[in-house]
Every structure is written in structure tokens, then in C-alpha cells.
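Coordinate inspection notes
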Amino acid sequence: MSSLSPTPGKAFDYAPAPESRAAVDIAASYGLFIDGKFTEAADGGTLKTVNPATEEVLAEVAVGGAADVDRAVKAARKAFKSWSALPGSERAKYLFRIARLIQEHGRELAVLETLDNGKPIRESRDSDVPLVAAHFFHYAGWADKLGHAGFGPDPKPIGVAAQVIPWNFPLLMLAWKIAPALAAGNTVVLKPAETTPLSALRFAEICVEAGLPAGVVNIVTGAGETGRAVVAHPDVDKVAFTGSTPVGKEIIRTVAGTGKKLTLELGGKAANIVYDDAALDSAIEGIVNGIFFNQGQVCCAGSRLLVQESVAEQVLEMLTRRLGTLRLGDPLDKNTDVGAINSAAQLDRIKNLVAAGDAEGAERWTAPCEIPAKGFWFPPTVFTGVTQAHRIAREEIFGPVLSVLTFRTPAEAVEKANNTPYGLSAGVWTEKGAKALWTAQRLRAGVVWTNTFNRFDPASPFGGFKESGFGREGGRQGLEAYLDV
Amino acid sequence: MLSAFPADPAEVTSSEAALSRFLHGLPGIDKVGAESRAAMLGTRSIKKDAKAFAIDLAISMIDLTTLEGADTPGKVRALCAKALHPDPSAPDAPRPAAICVYPDLVGIAKEALGKAPVNVASVATAFPSGRAALDIKLADVAQAVQAGADEIDMVIDRGAFLSGRYQQVFDEIVAVKAACGSAHLKVILETGELSTYDNVRRASWLAMLAGADFIKTSTGKVGTNATLPVTLIMMEAVRDFRAATGRQIGVKPAGGIRTTKDAIKYLVLVNETAGPDWLTPDWFRLGASSLLNDLLMQRQKLATGRYSGPDYVTVD
């Protein structure tokens, strides 16, 4: 080897590889999508939606008031009569058409979602949009088989569904709500989050392109007030909400005694349990995916890492080394792993809870990444020395912040994992199948992932225990929320 | 990683039982997890300057290989000429790291390459099956070394490995290493025959403990050759081995890597698994033959903006 000097290699810097913005055509302003047409809000109210990575205003969007919501519910009520009377196989045709159009517009929808939400294009392109299409395909398949779903031979739809969705997976949450509702024969009034309305509005255009009858899907944009009006409207038969636990509690109070059916998918503080006999390299990937996917703005995020004491030091060393390779920056760059936080308000909330972690004596480690000058950003952060008493172990941070706790025995792992008011998801990492099953059976969480995390499939029901809500979305079980059973 | 690794590596190789305990005590590998990690790294988008950097780096890492029964001195000389002048239209194109041939053609290759900074690597030890007595394998190695080979690519005895006779595999590698003298030893695990990722990790550690300078995926002679997930496991192994022992080992995926796109995926995987310390021909090689021309065509395209096609690179 005389000719080759053993010197270490040079840094391999990836050149910027931004996805083209030309894929989207964002209008200066958008109205409300009611009865198959875009219309202005009755009182002319608007809000601005911004790109959280640059703080650039993307568009002005109408704010629906009580009168607009009333118009939307009336349109949905009118459409319900004929939509619910269609044979399931006919409804399926529309849903299949929507699913195909979503695939055809895949790149555009991914770019739009990334611009409005701040999530990396790799996630919107490889995760969000394919799952959206998959959900429509899945429920299109159910539309003519409702009698075989386990809810009686001829289950009936409920009526008009009021649906309020969050900003973390705008189009995916829309799909989770609209696809089963339409398959079962309901009509919907959906209120997207105020910071991420654009993909829902583009979806409205796709409904028109698919020839969906007017009034079957109505999109009323706005903020909290609009959401309240949608939920409280007396002619709504069913309310479905995904979002924070405090708002979920408010909705329960609003709906109480009205006879409206209700499903809620709320917050979480998931435990990700790593046993000492886990496949550690994969566990590290699972921890990273669990808490840094979508900047940790995921209700089922694995925000509490419970690691067995005998491997804790090793896992932390491997984890921090791995976090050093995460690429934070322009969400449109195809090589970005960590994008922007969705809003200034959310960034403040993350900062406050991180400050609480510091004040309570946990040890903070921050990934070495450069933070862009403009926009809302928070670097991947790990707290060690966290105990169950710390706020960062109990409260949902909804950001790229991992709290690390340790345990000694499987029983202790389960006890700590369940010791939270939430119960949405959990993860178990072990190469021993029996131990994985033993643990999963004892975890009070709607979803338990084994040797993986944040894996979604339209055939798999998703939902919570305790303060994480009730009702299931996805799969056969997800139909129940939209059938009169 | 492997904080439990003993301070003296001789401890784990002191007996067959100790070796077996150690190899079976390595953390397991989750197949789904490893494959999805490799697939994710495959989505990295390498453009412009980064692409130019990666293409030249990949060319400089190639072990330009001909391992056919039909190989002749003329074929080997032509391959050496290709290594010396990879792209006659672009004298700045880097040269591959080595020429890889059978032992009886090492002398021809040495002569053809002269003093140029291109190594000669020779497969040996009854390549590709490894099914011969140890003295035959050592004689094979000795012949290649005597003819001037700078690097020896040996194969492990997969039969012994799969039946749990780790000590035998270990001892063979130690013996081959001794026979190599100053030549560098690459140990071919033939991962396509090991069937599980856990076995790939165990075989990697076994080879490293026995004194391998490089661990290599494949002979190119079985159905499954180098894959990204297998290379991921091996990069993790060399990374962890250096952390445990301070000794750096190289990695060489071989077989089936034909396009620039593939080669860049491997470089990204190296970069984000073991780190840029491995991004040099000293520590990472690509065993390939047709890959070189694809890299050269992409290189021409970056330089001229046009894709000129296969008749503008030489076929040897």
C-alpha cells in the first residue's frame, strides 16, 4: 500500500437539493368551500397563513363565522340525502377517484404541505402524501362492504359530521376524517387548523375535479372561534376532533347532552421502552424517528425514552452520535431531516417547557446544528436525568425534545410507562418476542409498536386511552365512528 | 458502543467457547429496521458540487476487477491500461485504487502498471468457494504475494462459519494474514451465503478480531452480492470496532454495484454511518467492473452538460 497514504477522508458536504416550488400555484386569497363552490366569508374576515421556515405570508384565507358554518352545515345536510342513498359501490368510485388524484398531484401536495407546515419534503413526499392516498384507497374499498364490517348487515351513516383537525399532519388528518366518513355515507364540514389551511383547500379543488357532488365535503377555514361554531352547530350529528387535550375537554362539555356522537384523538406522552436485549442500532433509529419525526409535533411521539439502566450509557452515546448527523434546515431541501416548528406560538410553548426542564434540574443536550436566521426553529434536544416528577416527563411538549428516564426491571418499565394521564402510543424494543408481548399487554396505550415507531397504515386502527381520547381511526374499527351503531 | 468489550481483545479469542460467547453476545440486528435505514439513506439527493466530489471519490475507490475463467494476459493488460488512463478525454479523471485479478495474473498486472499508484489486489484461498485444504489456500496466497500483490482478498470458510466452528474460521484468517506479509488483507464474508444480518455482524467481528485490514461483502460469484443493508451492518461493525479497540478497518462492498447512483448511495451510507474518516480509498473500496464507465459518463456529463453515451468511454 505504498502508493496510498492512510489519511482520513474529506467531509462529504451535500449541496443544496431543494424541491422546486414551481410545483405549486398558491392563490393570493382563498374563500370557504361550501356546497361545491368557493365563497367569501359573510363578514369578510380573513387570516394570513405563513411559511414557518421563512415567515413569508403564503396566502390570505377566509375566516368562517357562525353564518358561514350554518351555510356549510345546511349544504352538508342537503347533500346527505342523496349521498347516503347512493349504493356503496358508487360512493367508492368517487373515493377511488380522489385517491388517484391525490397520487397524481402527489408532488404538488407534498410541496404545499411542506411550505405551509414546515415539515421536511422527505416526510411530506414519502410519508404524508402516500398515506393520504392509501387512506382513501382503503376506505374506498370499504364503501360497498359495510355489511361485512361487523356492525350488522346493513349499517346506516350518522348524518352530518363536524370535523376539526390539527396542523401537524394537515392533509393526513383530513384523510383520516373524510375518507371513512364518506365511505360510510356521511357528509362533512371540516375545519382545518388556522396555520395550515392550504392543503385542505387544494383538496377541495380535487373534490371538484373528482366530480364529487356539491355539499358532500365542505371546508370552512378559520381559527378557534370557527371550530367552536362547527362543533356547536345544532344540526351536526357527529363530532370528530384531533388536537390538544384542553380543547378536547371543551368539546366534550359543548357536546354533552346533545346526542351528537363524539370521537377525540388528543395528546400523548408516549413511552419508548428500550430493553437491554434490543437490536440497539435499530432502536436508535426508532428513538430518532419516534421523537424527531415532524420535529416531534406528533401526538403519538415517543417523547419519553425509558431505557434499561444496564445499557443506558451506551444508548445515550449512540443516540447523541446519531443526532449529530441530523440535518436541520430548509424543509424543501430533499436532504433535510428536521424542518421548522409550525408557528411562533408552538415555538414559545416548546421553549417554555424546555426552560422548565432546565429549572427542574434535568441535564440538557442540544444537537450541534446551525439555526436559520428567519423562521421558527428548535434544535433536536435530549434531557437526561429526568424523573417522573419533572414537567418534561409529564406534559406534552409537542416539539423535538426527548426526555430520558431509566428503569431496572420490566415491571418498572411498564409502571413508569403507564404513569401518565395520557395513553395514545408506546414503543417496545427487545429481540425477545415473549417479552415484547408481555410488555405490550400491560401498556395502557392505543397503539404499541414493537421494534418500530411511528409506523402508520390505513388498515391499522389508531386512537387513545385516558386523556388521549376515545374512538379509533383507521381500519374496520375506524368505520364505527361514522356508522349509526 | 460495546462498552462491555474487554480491554484486551485476546480475551474473546482465547478459546472457541469464548469466541462463540462473544459473537453471540453482540447486539442483534432488526431486519426491517436495518433495511428501512438503508432505504432512507438511499433517498439522499446528491447534486452539483457534491455529485462531482462523490463521482471522483467513487472512481478513486474502485477495485477494477476481472475474475473470469476466460481471463487472459491481454485482458488484464487492457484493464491495467484502463486503470492508468480511465478517461483519455479527461486526463484529470482520478485512477481507481487497484486492479483485482486471480493470482496467476498478478505478475502481468504488476508489470503493466509499473510504478503507477494503482495497487494490484489478488483473490486467493481457493476463491470463490474456499473449499480447499488450508495448506493449498496458503500456497495460493503465497504465490500471489510472491508475484507482487499489494492486497489479498481471501474468502472465509462459510461452511465452518455456518456450522459454528468459529475458531477454525478465525485460525484460517490469522494464518492467511501471516502469509500476506506486508500485503493488506481483505476478508470476504460472502454475505449472500450467510443469510442473516446477525451472521453478517458476527462474521465482521470475527474477521476484524483475526486481523483483517478490510472486510468485504462478496465474491461476486453468488446470487446475492453487495447490498446497502449488508454494507450498513458492516460499516456499523468497523465503527464500533474502532471505538472498542482504536483500530480502523476498511470496508469493501463488491458485486452488483453498476451505476453512479448506486455508488453514491454507498458513499452516503459510509458518510452517515461510520463518518467521513472512512471516505478514502484507504478505508473504503468498491469492487466493480462496469461501474467505472458509468461514473466516467456521469463525470463527462457534469463537465460538458451533455450525456455523450457509451461509445465515448473505453470498453476494455
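Rules behind the numbers
- Residues numbered from 1 in each chain as written.
- Chains lettered and ligands numbered in written order.
- Predicted model: local features only at pLDDT ≥ 70, side-chain atom pairs only at ≥ 80, totals over all residues.
- Heavy atoms only, no water.
- UniProt positions renumbered as here; feature names shortened; annotations may be inferred.
- Helix = DSSP H or I, 4+ residues; strand = E, 2+ residues; numbered from the N terminus.
- Salt bridge = Lys/Arg side-chain N within 4 Å of Asp/Glu carboxyl O.
- Buried < 20%, exposed > 50% of the residue type's maximum accessible area, 1.4 Å probe, protein only.
- Contact = heavy atoms within 4.5 Å.
- Disulfide = S-S within 2.5 Å.
- Core = buried A, V, L, I, M, F, W, Y, C linked by side-chain atoms within 4.5 Å.
- Domains from an automatic or database assignment.
- Pairing = 2+ DSSP bridges.
- Axes fitted to C-alpha atoms, helices over the stretch in contact; angles between N-to-C directions.
- Buried area = accessible area lost by both parts, 1.4 Å probe.
- Polar contact = N/O pair within 3.5 Å; in protein donor to acceptor, adjacent residues only side chain to side chain.
- Nonpolar A, V, L, I, M, F, W, Y, C, P; charged D, E, K, R; others polar.

Overview of the UniProt feature "active site" (unreviewed entry) in chain A
- As recorded in UniProt, the sites labelled "active site" (unreviewed entry) are Glu265(A).
- Within the secondary structure, Glu265(A) is located in strand S10 (residues 261-265).

What to know about the pattern of salt bridges
All names here are of chain A.
- Counted according to the given criterion, the structure contains 51 salt bridges over all chains.
- A salt bridge links Glu90 to Lys93; the nearest nitrogen and oxygen atoms lie 3.0 Å apart. You can see Glu90 and its partner Lys93 sitting in helix H2 (residues 88-104), three residues apart, about one turn around the helix.
- Glu90 sits in the partly exposed class, given a relative accessible area of 29%.
- On the basis of relative accessibility, which here comes to 44%, the residue Lys93 falls in the partly exposed class.
- Glu395 serves as the salt-bridge partner of Arg391, at 2.8 Å between the closest nitrogen and oxygen.
- Classification of Arg391 by relative accessible area gives partly exposed; the value is 36%.
- Looking at Glu395, the relative accessible area reads 28%, which means it is partly exposed.

Considerations on unusual backbone geometry
- For the peptide bond that leads from Phe127(B) to Pro128(B), omega is -5°, which places it in the cis range.
- Mapped onto the elements, Pro128(B) comes out in the loop between strand S3 (119-123) and helix H6 (134-146).
- Non-glycine residue Gln295(A) carries a positive phi angle of around 55°.
- Tracing the backbone through its elements, the reader meets Gln295(A) in the loop between helix H9 (280-292) and strand S12 (304-308).

Remarks on the environment of Thr187(A)
Residues and elements named next belong to chain A.
- Within the secondary structure, Thr187 sits in strand S7 (residues 187-191).
- In this structure the C-alpha to C-alpha distance between Thr187 and Asn51, which are 136 residues apart in sequence, comes to 31 Å.
- Filtering out sequence-adjacent residues up to four positions away, Thr187 remains in contact with Ala76, Arg77, Ala79, Phe80, Trp83, Gly159, Val160, Ala161, Gly215 and Val216.

Quick notes on the state of the cysteines
- Taken as a whole, this structure holds zero disulfides over all chains when the rule is applied.
- Unpaired in terms of disulfides, Cys299(A) finds its nearest cysteine sulfur in Cys300(A), a separation of 4.9 Å.

Focus: the nonpolar core
- Ranked by size, the top nonpolar core spans 112 residues in total, and within it Ile102(A), Phe136(A), Leu174(A), Phe203(A) and Val217(A) carry the most contacts.
- By residue number, the principal contributor to this core is helix H5 (residues 170-184) of chain A, which donates twelve residues.
- The residue makeup of this core includes at least three contributed by each of domain 1 (21-266 + 466-482) and domain 2 (271-450) of chain A.
- Setting aside residues up to four positions removed in sequence, Leu174(A) forms contacts with Phe136(A), Ile165(A), Ala179(A), Leu190(A), Ala200(A), Phe203(A) and Ile219(A).
- Within the second largest apolar cluster, 104 residues are counted, among which are Met61(B), Phe241(B), Ile249(B) and Ile264(B).

Comments concerning the sheet that holds S12(A)
Residues and elements named next belong to chain A.
- Across the sheet, which stays open at both edges, the seven strands sit in the order S13-S14-S15-S12-S11-S16-S17 with mixed pairing between neighbours. The open sheet terminates on both sides in strands that have one partner only, identified here as strand S13 (363-366) and strand S17 (447-450). Adjacent strand axes in the sheet meet at a mean angle of 20° when their direction is disregarded.
- Here S12 runs beside strand S15 (residues 401-407); their pairing, made up of five bridges, is parallel. Bridged to Gln308 within S15 is Phe407.
- Where helix H10 (residues 309-323) meets the sheet, it contacts S12, S13, strand S14 (381-384) and S15, and its direction lies at approximately 130° from that of S12.
- Taken strand by strand, helix H11 (residues 344-359) contacts S13, S14 and S15, and its axis lies near 30° from that of S14.

Points about the domain arrangement of chain A
All names here are of chain A.
- Domains assigned within chain A are domain 1 (21-266 + 466-482) and domain 2 (271-450).
- The distance between the C-alpha centroids of domain 1 and domain 2 comes to 30 Å.
- On the side of domain 2, 33 residues touch domain 1, which itself brings 31 residues to the contact.
- For the pair domain 1 and domain 2, the summed buried area comes to about 2,600 Å², and 56% of that belongs to carbon and sulfur atoms.
- Counting across the interface, domain 1 meets domain 2 through one salt bridge.
- With a shortest N-O distance of 2.7 Å, Arg122 and Asp337 are connected by a salt bridge.
- Across the contact surface, domain 1 and domain 2 share 15 residue pairs in polar contact (both at pLDDT 80 or more).
- Mapped by element, the contributors of at least two residues to the side of domain 1 that touches domain 2 are helix H3 (106-117) and helix H4 (121-142).
- Tallied by class, residues from the side of domain 1 that touches domain 2 come to ten nonpolar, ten polar and eleven charged.

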